[in-house]
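# Notes for the structure review
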Amino acid sequence: MSEAKNDELVSREVISRIAKLARLDLDDNEQNTYEHDLETILDHFKKINVYDTKQVEPAYHPHDYENKLREDDAKPSRPPQDWLALAKQVKDGCYMVPKAVE
Amino acid sequence: MTTYETIIGLEVHTELQTDSKIFCSCSTRFGQQPNTQCCPVCLGLPGALPVLNRQVAELALRLCLATDCSITPVTRFDRKNYFYPDLPKAYQISQLHEPIGRNGQLCLKDFPERVVRIHEIHMEEDAGKLTHDPWSDQSLVDYNRCGVPLLEIVSEPDLRSAEEALDYLATLRKLLMFLGVSDCRMEQGSLRADVNVSVRKTGTQALGTRTEMKNMNSFKAIGRAIIHESQRQIDLLNEGGMILQETRRWDENKEMSFAMRSKENAQDYRYFPDPDLPPVKLDKAWIDRVRQNMPERPEQKQSRYQHEWRLSAYEAEQLTDEPFLASLLEQTIACGANPADVSSWILGEWLQACRSGNCDASDLSVQPESLAKLLEMIRNNVITRTTARSVFTYMLDHQIDPESYVREHGLAMVNDLDDLKQMVASVLEASEQSVKDYLAGKEKAKTYLIGQVMRKSRGKANPAHVNKLVEELLEQHRQP
């Protein structure tokens, strides 16, 4: 990730767009907070970017374990209403969203 | 005039035959009420933790081994990020950096010289299903399919024509079905392909700019789309134009493809390793176990049928067209029936019954044990094939024991020579004209007379005896 891009990434427009997509109602204060927080995070990555890590094995996973698997047993799901109730709009047992056809 | 060569690569998505989803215990059953097979994991609710279904890794390993892929010793999952309502988490769990298999190959059936290299096979989750609601002009989302396990099989651009591409798909489909990896029901979307097409001047090496047609789910459409797309590119180049790298949509009704999005608008998926899922280590013991339990492949079955049971190459191929036919053959033979008899009955009467009933071979409810009994009665001259056919038709709708049915309905073959002689005599008496015709040299008249006797016996007369008796009695008519 280049440095120039970092600066663009946390613009006010980006924050409000992400908030809109995530259906978060952020006021000016909150937008400022997030802008600042995200800048801090990206600054941190800038510091890491200084180091040459080409020869370093990436840390794919924070914990040192593998093969956490479950058996293929299907279990009944909870009634769809439990989840549909979380949505803003529903119709015919489906979630209704703005037209999304490619 | 410049000639061109068409270059095709395929990305095939296949839904796995598991009971539960890839990262949660929701059912994968098709065709249920919308959103009834969902939970916090597949809906991407905060705090939910995905856990890999062991069977998904096993089935993926099966396919990797069957296509000679090298298995990645430690395979991992990555997040592919995009905002679209069919994906509630806003990312798809997939594999980019360490897919389960790489560098495999698949041999085509009708193009034996063409070995298609497989670039990689990876595991991922399916997305939900969107439908357009014309009343509200909004989209409706059903998340039942969200989290259904998929394998993506990515070929190298090694295919050179629509025929080769369809051969590859058919070969892969058959392999997936026989390995028990997928039911490959294309009408249910459990096998879909993204088709990459480019053209280059014959004799040159560098690949041309390619276009991609996504999510195609019928062989016919894929074949037509490849032919049209390569011709469109050739025409464009001949007019001095340039091919744009873009995604195109194939419209089957209009028989045309339309540009959807160009490379400039292509999304950046911001892939990164999924921190929720620990790596999967595929050690030798696991791989060996999968290898040992590997179902027989269609071509192995074909050659076994020919060598062990002396079936013809044609029969062996037909019987390995789908897993159901092969298993019906094997089980019926295991019940004691003669292999040649079973083969001929399945490819004849069984498939005929499916054609007349307009159903799949597996929809007929006749059990292998009953079929074996029926065929043994023909072999032992207990009933004629004609009788067997009508008993079989009855068996399609009724659970019966064919032996008792034949006994109770008096369908056993008539072998008694005196009875048969009487029957033949009365037929000849009633068919004066045919007898005359035969005596005048018309061989066909004899076939007609035999048919009449069989009919009179309601199909029960021993055909060999009837044949002989008709000949004998006709000769008697010749003498004054």
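Residues numbered from 1 in each chain as written. Chains lettered and ligands numbered in written order. Predicted model: local features only at pLDDT ≥ 70, side-chain atom pairs only at ≥ 80, totals over all residues.

### What to know about the overall build of chain B
Scanning chain B from terminus to terminus reveals 16 helices and 17 strands. Expected size for 480 residues packed as a compact globule is a radius of gyration near 23 Å; at 30 Å, chain B overshoots this value by more than 25%. Counting the 480 residues in chain B, one finds 38% classified as buried. Relative to all contacts within chain B whose residues are 6 or more apart in sequence, the contacts with residues 24 or more apart total 67%. (Helix = DSSP H or I, 4+ residues; strand = E, 2+ residues; numbered from the N terminus. Rg over C-alpha atoms; globule rule 2.2 N^0.38 Å. Buried ≥ 20, exposed ≤ 12 C-beta atoms within 10 Å, placed from the backbone. Contact = placed C-beta atoms within 7 Å.)

### Notes on the nonpolar core
Residues and elements named next belong to chain B. Formed by 72 residues in total, the largest nonpolar core has its most connected members in Cys42, Ala60, Leu63, Ile121, Ala165, Tyr168 and Val195. Among the elements that make up this core, the one with the highest residue count is helix 3 (residues 162-178) (9 residues). Among residues more than four places away in sequence, those in contact with Val195 are Ile8, Leu10, Glu212, Met213, Met216, Ile222, Ala225 and Ile226. (Core = buried A, V, L, I, M, F, W, Y, C linked by C-beta atoms within 7 Å.)

### Some words on the pairing of strand 14 (residues 246-251) of chain B
All names here are of chain B. By the bridge criterion, 3 bridges tie strand 13 (residues 211-216) to strand 14 in an arrangement that is parallel. Of the residues in strand 14, the one forming a bridge with Met213 is Arg248. For the crossover from strand 13 across helix 4 (residues 219-238) to strand 14, the handedness is left-handed. The sheet contact formed by strand 14 and strand 15 (residues 256-262) spans 6 bridges and is antiparallel. Bridge assignment links Arg248 to a residue of strand 15, and that residue is Ala259. Hairpin connection from strand 14 to strand 15: 4 residues lie between these consecutive antiparallel strands, with Glu255 at a positive phi of about 55°. (Pairing = 2+ DSSP bridges. Right-handed = clockwise from strand over helix to strand, strands pointing away.)

### A short note on the confidence of the model for chain B
Residues with a pLDDT of 70 or more make up 99% of chain B, whose mean pLDDT is 92. Model confidence for the complex is summarised by a pTM of 0.84, with the ipTM given as 0.79. (pLDDT = per-residue confidence, 0-100.)

### Comments concerning the domain arrangement of chain B
All names here are of chain B. Examined at the domain level, chain B breaks down into domain 1 (4-285), domain 2 (296-408) and domain 3 (417-478). A straight line from the C-alpha centre of domain 1 to that of domain 2 covers 37 Å. If you look at the interface, domain 1 gives 5 residues, while domain 2 gives 4 residues. Broken down by element, the residue count for the side of domain 1 that touches domain 2 peaks at 4 residues, all from helix 3. When the residues that make up the side of domain 1 that touches domain 2 are grouped by side-chain class, the tally is 4 nonpolar, no polar and 1 charged. (Domains from an automatic or database assignment. Nonpolar A, V, L, I, M, F, W, Y, C, P; charged D, E, K, R; others polar.)

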